[in-house]
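# Observations on the model geometry
The primary structure of each chain is shown beneath.
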Amino acid sequence: MLAGLAALVAIGLALWGISAFVSSSTKVKVSTDLAERYFRPGGVDRLAKLIAKDGPLLFPSLVGDAGRKPVGIGHVGEDPLKGWRAFSLVPPGAPGDCVLALDQSTGQLTAPCAGRTYPPDGTGLIVLPVTAVTIDPDRQLVVDLRTLPAVGANASTTAVG
């Protein structure tokens, strides 16, 4: 009985030693920031073609921080590496639950709750700064969600070049 208990203690100590060694030699970056900072909707070539065909991409209910900051993404021009624009889907001054939708028949962004329509490029809406929409080395679009103002907040409109 005593030998069995000693064997269990030895196995426990061995497992503890192995886990301590592995955890101390592994360089893991721990983050306490639970909100997603960056949204990566996909490759710029595919997204530019999709937007040219169907209009801006609307993401009204992303997970985490973006869920409280509905975002639309538009593109202008022929070059998929230029001409990106990200904008709030909540019209300036509108309540947070007033989220724009794309009217496929007209191509306009509509906000029945605000009684307004907006062009598909997001003109007149709260637009993210140019630096908030980038392209990574793998040609993936990256949107910095931290720069999107809180729903219903005012911000200047800045086009993405």
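Every value quoted in this text rests on a predicted model; they were computed, and no experiment measured them.

## A few points about the pattern of salt bridges
Evaluated as defined, the whole model comprises 4 salt bridges. A salt bridge links Asp45 to Arg139, with the nearest nitrogen and oxygen atoms 2.8 Å apart. Here the residue Asp45 occupies a position in helix 2 (residues 44-54), and Arg139 occupies one in the loop between strand 8 (133-135) and strand 9 (140-144), the gap between them amounting to 94 residues. With relative accessibility at 34%, the residue Asp45 sits in the partly exposed group. Judged by its relative accessible area of 33%, Arg139 is partly exposed. Among the salt bridges present, the one from Lys53 reaches Asp54, with a minimum N-O distance of 3.7 Å.

## Thoughts on helix 2
Among all positions of helix 2, only Val44, Leu47, Ala48 and Ile51 are buried. Around the axis of helix 2, the buried residues are gathered within 100 degrees of arc, so they sit on the same side. Across helix 2 from its buried face, at more than 90 degrees, point the exposed residues Lys49 and Lys53. As for helix 2, its buried residues are in contact with strand 1 (38-43), strand 2 (57-59), strand 3 (71-75), strand 4 (84-88), strand 8 and strand 9.

## Quick notes on the confidence of the model for the protein chain
For the protein chain, per-residue confidence averages 78 on the pLDDT scale, and 73% of positions sit at 70 or higher. Looking over the protein chain, one finds the lowest element-wise mean pLDDT in helix 1 (residues 2-25), namely 68, and the highest in helix 2, namely 94. Across residues 30-34, confidence stays below pLDDT 50; counting only partners more than four residues off in sequence or on other chains, it has 0 contacts. In the predicted structure, residues 152-161 sits below a pLDDT of 50 and forms 32 contacts with residues beyond four places in sequence or in another chain.

## Observations regarding the packing of aromatic side chains
All chains considered together, the criterion is met by 1 aromatic pair. Note on Phe39 and Phe59: the rings are 4.8 Å apart at their centroids and 70 degrees apart in plane angle, and the pair reads as edge-to-face. A residue pair is termed long-range when its members are at least 10 positions apart, and Phe39 in strand 1 and Phe59 in strand 2 qualify at 20 residues.

## Regarding the sheet that holds strand 4
Whether parallel or antiparallel, the strands of a sheet pair through hydrogen bonds between backbone atoms. One open sheet accounts for 3 strands, arranged 2-3-4; its pairing is antiparallel. Every interior strand has two partners, whereas the edge strands, strand 2 and strand 4, have only one. Shown here is a sheet whose adjacent strand axes are inclined to one another by a mean of 20 degrees, direction ignored. Bridge analysis of strand 2 against strand 3 gives 3 bridges, and the strand direction is antiparallel. Residue Leu57 lies in a different strand from strand 3, and its bridge partner there is Ile73.

## Considerations on the nonpolar core
Burial of nonpolar side chains together is a common tendency in soluble globular proteins. Phe39, Phe59, Ile73, Trp84, Ala86, Leu141 and Val143 are the most contacted members of the largest nonpolar core, which totals 17 residues. Of all elements in the fold, only helix 2, strand 2, strand 3, strand 4 and strand 9 reach the threshold of two or more residues within this core. Looking at this core, the element that brings in the most residues is helix 2, giving 4 residues. Not counting residues up to four positions away in its chain, the partners in contact with Val143 are Arg37, Tyr38, Phe39, Ile73, Ala86, Leu128 and Ala132. Membership of the second largest hydrophobic core comes to 12 residues, among which are Phe87, Val90, Leu109 and Ala111.

Calculation rules
Residues numbered from 1 in each chain as written. Predicted model: local features only at pLDDT ≥ 70, side-chain atom pairs only at ≥ 80, totals over all residues. Heavy atoms only, no water. Salt bridge = Lys/Arg side-chain N within 4 Å of Asp/Glu carboxyl O. Helix = DSSP H or I, 4+ residues; strand = E, 2+ residues; numbered from the N terminus. Buried < 20%, exposed > 50% of the residue type's maximum accessible area, 1.4 Å probe, protein only. Arc of directions from axis to C-beta. Contact = heavy atoms within 4.5 Å. pLDDT = per-residue confidence, 0-100. Phe/Tyr/Trp six-rings, centres within 6.5 Å; stacked < 30°, edge-to-face > 60°. Pairing = 2+ DSSP bridges. Axes fitted to C-alpha atoms, helices over the stretch in contact; angles between N-to-C directions. Core = buried A, V, L, I, M, F, W, Y, C linked by side-chain atoms within 4.5 Å.

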